[in-house]
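In case you want the letters, here they are:
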Amino acid sequence: QVQLVESGGGLVQAGGSLRLSCAASGRTFSSYGMGWFRQAPGKEREFVATISWSGGNTYYADSVKGRFIISRDNAKNTVYLQMNSLKPEDTAVYYCAATPGYYCSAYGCSTSSNYDYWGQGTQVTVSS
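Below, the structure is looked at part by part. Quick caveat, the model's predicted, so the values are computed rather than measured. (Residues numbered from 1 in each chain as written. Predicted model: local features only at pLDDT ≥ 70, side-chain atom pairs only at ≥ 80, totals over all residues. Heavy atoms only, no water.)

## So, a nonpolar patch on the surface
A surface patch of nonpolar side chains, about 450 Å² in accessible area, is lined by Tyr102, Tyr103 and Tyr107. Structurally, Tyr107 can be placed in helix 1 (residues 102-107). (Patch = residues over 30% accessible without salt bridge, like charges linked within 9 Å, V, L, I, M, F, W, Y side chains within 5 Å. Areas by Shrake-Rupley, 256 points an atom, 1.4 Å probe, with all protein chains shown as cover. Salt bridge = Lys/Arg side-chain N within 4 Å of Asp/Glu carboxyl O. Helix = DSSP H or I, 4+ residues; strand = E, 2+ residues; numbered from the N terminus.)

## Side note on the pairing of strand 4 (residues 33-39)
Strand 4 sits mainly inside the fold: six of its seven residues count as buried. Bridging between strand 4 and strand 9 (residues 92-99) involves seven bridges; their strand directions are antiparallel. Residue Arg38 lies in a different strand from strand 9, and its bridge partner there is Tyr94. As defined by bridge partners, strand 4 adjoins strand 5 (residues 46-51) across five bridges and the pair is classed as antiparallel. Bridged to Trp36 within strand 5 is Ala49. (Buried < 20%, exposed > 50% of the residue type's maximum accessible area, 1.4 Å probe, protein only. Pairing = 2+ DSSP bridges.)

## Section: the side chain of Arg38
Tracing the backbone shows Arg38 in strand 4. In terms of polar contacts, Arg38 uses its side chain to reach the side chain of Asp90, at 2.9 Å. Only 2.9 Å separates the side chain of Arg38 from the side chain of Tyr94, close enough to count as a polar contact. Each residue touching Arg38, except ones within four places of it in the same chain, is listed here: Glu44, Arg45, Glu46, Val48, Ser63, Val64, Phe68, Glu89, Asp90, Ala92, Val93 and Tyr94. (Polar contact = N/O pair within 3.5 Å; in protein donor to acceptor, adjacent residues only side chain to side chain. Contact = heavy atoms within 4.5 Å.)

Printed below as a string of structure tokens:
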């Protein structure tokens, strides 16, 4: 069982930066693949970024590639999402998620149905 708690959201102007954190409980965090997803009002939840258990594999949605960076610190049981050059269309509730599956842990996964554990979300609002 893994419990996830996101933090770091807030209000920022377009072009600004934020760093989201996701703190995980449990001794098996280092074996889980992790992902960030987001959901804007009236829209479905969408994939943002994923990272393998080792941190050696990462994958991004095209909409954030080159602007966002996902990373993890297994000693701190924490995964991060550094968001740069933010745009109003990045406004959403951001969720972190964990997956224990072998393939997703090794390579990361972009499909939400692969994830077993979810945080409560943190709001990011980008003003124009």
